Every structure is written in structure tokens, then in C-alpha cells.
Amino acid sequence: MKAMVLKKTGPIEENPLELQDLPTPQPGPHQIRVKISACGVCHTELDEIEGRLQPKLPVIPGHQIVGTVEALGHGANKFKLGDRAGIAWINSACGKCDFCKHGNENLCSEFQGTGCDANGGYAEYTVVQEDFAYPIPERLSDPQGAPLLCAGAIGYRALRLTNLRDGQILGLFGFGASAHIVIQIVKYQYPNSKVFVFTRPGQTKHQSLAKQLGADWIGATGDNPPGSLNCAIDFTPAWKPIIEAMRVLEKGGRLVVNAIRKEKKDLDYVLNLDYPTHLWLEKELKTVANITRRDVEEFLPLAAEIPITPKVQKFGLEQANEALILLKQGKMQGAGVLIMSYQ
Ligand SMILES: [Zn+2]
Ligand SMILES: [Zn+2]
């Protein structure tokens, strides 16, 4: 099979992903083999490739996988041959520890990330334990399903962690793949809430997409919005939005940071942190880490019901480096998806 493989970490501008011909993987007991149709491109892949995370090298990245079940391992019976299946960031967890037993398998010490600790979806085929694959609702196409598996599911989890109530104001910092899905959930589940979107200055494409999806106010990070935020989600790789979000939070408000790592380049901005301005009056800061199967299982049917139709920018498998460079530059509109049959 064809796969884009990461052998050595390095800046994405140096095209570290290499096209390789590899043996097609065989499904073990209770595993399925998926013929991949679409795989989303995620900021976490930049963190792996550029060495802010430590992937198990060599590795095939990619954790927003949609395809067709085309081989069943011994004892696998959750899917039939020909069924569509999705695979997300959670590739496995121990199932026995206290975290796993209490619905927090995302925090399991043996958590394995798809495309990081186990081979992922930048390839024509992959294998996974059947319990860590999900049926894809009929209403969603393969390319639209892919970004829902990470950007969507983690956005759903982050939104759940904000404790937003209908009628309250939610702030979104950064308006990429996750945020553009979150705003659609909010407009559906919290019709009386307002959504304020903060982007980098000059991100006009992101801003016009936010407007189109019903943002109630759009500005730059650091601007004063027309009301304090009851809660907020920071989707950016930068530090400034944490400080600026905390500044414009309402008393008792909560900021949820949805980033697996932050870049070092604007770390100095943290020196602006002032206790009474940013933290006092019971403001909270919480991060979101990984996802559970429950997040994906709840979110996919909700996405189909709303329906959420992610804006997708398509690339061929061999254009993976290129797609990630665009993502890094903030030039991707909506969600980037690799299409295996794309010419
Ligand atoms: Zn992701
Ligand atoms: Zn565990």
C-alpha cells in the first residue's frame, strides 16, 4: 500500500513525510482492516512531525479516518464487510485503570494515539481494534465524516467542558476546523446563546466563514467584545489568546484550552498575566486532553442530525506535506482532508 511515513521529526517546510510502499497490514484478533477513503489533517500532526510530541517512529500519521471495512480479524463481529467505519485519535486504552473505569479513558496512562503511537490514516489501509471504530451515519459523506472524528469530536468535548448554558455568551479563539464545527453545535443546542469569534488580525477567510455560520461578533484576539464571556474555548497554538480570553471572561467564567501543545514563539505574552485582571473572581482555566469513545459515539449522530457539513479542502495523499504547511500558515479554509483516490 501507499503511505506517507514520518521517519524523523523536523520542520514541516522541509517535507518530512515520505511516500513509501509498505505491506498491507493484516487484522489481528478482534481487529478490522479499513480501506481508507478520506483522512483529515490535524494540527496535532504538526506537533508530532515538528517534535513537540514524541511519536513512535517510524509512524504513519493521521487520526481522522473514514473508509470501508474490508477484512475482519478472528472474532471481530461489530462490523460487516463493506460497512463504513471511522477511526479517531483514541486508538486504545487499558480498560482496567481507575481512569478507564470511570469514563476518563482519555487520561489512561496507556492511552495510544492513532497516527502517533500506532499507525494512522495517511495511507491506503489501516487496522484497528473493532471497539475503537465507529459506524459513520449515512447522511455524512466520507470527506465530511473525516474532520468530525477529531476536530468535531474534540470540539464537542471542549464545548461540554465549558458548561455553557443556553443564553450565555461563548467566546471562540481561533476559527479553524474545530471552531467552525463548534459554532454549528452551539447554534443548534443553545439557540439563545451568543458566539463571539476572535481570530488573528487579517484572517479574512476565517472571519467570513464565522460570519456565514452565524457568529454574533467577530474581532481580533486582544479586542474588547460587546459583552463579557461566560465561557470560552481557545483552539490556537499561541499563548496570547489564553491571556486575552481570561481578561474578557465574566466572573466565574471558564476557559477551556484545546491544544495538545503550545508553540514557544509568543510565550513572553504570559508575562502580562495579572492576578486581578485575569484570574481573580473565580475564573477557571481548564485544558482538554484526548477524547473518549463516548465523545465520538455521541457526537457523530448529533452531527448527522443537525446536520453539520464541514467545509472541506481536499488534497491527494501525496500532498500531505503541502496540506500541513497550509494548516501551519493558517491558510486552510475549514478542514483539510486527504482523499486517497484524489488525482
Ligand atoms: Zn486531531
Ligand atoms: Zn486505562
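You'll find the structure just up there.
In what follows, the accompanying structure is described.

How each quantity is defined
Residues numbered from 1 in each chain as written. Chains lettered and ligands numbered in written order. Predicted model: local features only at pLDDT ≥ 70, side-chain atom pairs only at ≥ 80, totals over all residues. Heavy atoms only, no water. 1 Å grid on protein atoms, 1.4 Å probe; cavity = no way out; pocket = protein on both sides within 12 Å on 5 of 7 lines; lining within 4 Å. Points joined across faces, edges and corners; volume = space filled by probe spheres on them. Helix = DSSP H or I, 4+ residues; strand = E, 2+ residues; numbered from the N terminus. Nonpolar A, V, L, I, M, F, W, Y, C, P; charged D, E, K, R; others polar. Axes fitted to C-alpha atoms, helices over the stretch in contact; angles between N-to-C directions. Parallel < 35°, antiparallel > 145°, perpendicular 65-115°, else oblique. Contact = heavy atoms within 4.5 Å. Donors = N, O, S within 2.8 Å, 3.2 Å for Na, K, Ca; no water. Tetrahedral: all angles 85-135°; square planar, octahedral: opposite > 155°, others 65-115°. Buried < 20%, exposed > 50% of the residue type's maximum accessible area, 1.4 Å probe, protein only. Salt bridge = Lys/Arg side-chain N within 4 Å of Asp/Glu carboxyl O.

## Overview of the layout of surface pockets
The computed volume of the second largest pocket comes to approximately 180 Å³. For the lining of the second largest pocket, the element with the most residues is strand E8 (residues 125-129), which contributes 5 residues. Split into classes, the residues belonging to the lining of the second largest pocket amount to 9 nonpolar, 6 polar and no charged.

## Here we look at the packing of helix H3 (residues 142-162) against helix H8 (residues 293-305)
One way to put it is that H3 packs onto H8 with a least axis distance of 9 Å and a crossing angle of 105 degrees. Comparing their axes, H8 and H3 come out roughly perpendicular. Residues Leu 148, Leu 149, Gly 152, Ala 153, Tyr 156, Arg 157 and Arg 160 of H3 form the contact with H8, whose own contacting residues are Arg 294, Asp 295, Val 296, Glu 298, Phe 299, Leu 300, Leu 302 and Ala 303. Considering only residue class, the contact of H3 with H8 consists of 9 nonpolar, 1 polar and 5 charged.

## Let's talk about the coordination of the zinc ion (ligand 2)
Only Cys 94 (SG), Cys 97 (SG), Cys 100 (SG) and Cys 108 (SG) from the protein coordinate the zinc ion (ligand 2), and they sit 2.3 to 2.4 Å from it. Given 4 donor atoms and angles of 105 to 117 degrees at the metal, the environment of the zinc ion (ligand 2) is assigned as tetrahedral. According to the relative accessible area criterion, Cys 97 is partly exposed, its value standing at 22%.

## With respect to the pattern of salt bridges
Considering all chains together, one arrives at 17 salt bridges under this definition. Linking Asp 47 and Arg 52 is a salt bridge whose minimum nitrogen-to-oxygen distance equals 2.7 Å. The exposure class of Asp 47 is buried, given its relative accessible area of 3%. Judged by its relative accessible area of 23%, Arg 52 is partly exposed. In this structure, the salt-bridge partner of Glu 284 is Arg 254, at a minimum N-O distance of 3.0 Å. Residue Glu 284 is located in strand E15 (residues 284-287), and its partner Arg 254 is located in strand E14 (residues 249-257); the two are separated by 30 residues in the primary sequence. For Arg 254, a relative accessible area of 15% gives the class buried. Where salt bridges share partners, they join Glu 13, Asp 47, Glu 50, Arg 52 and Lys 328 into one cluster.

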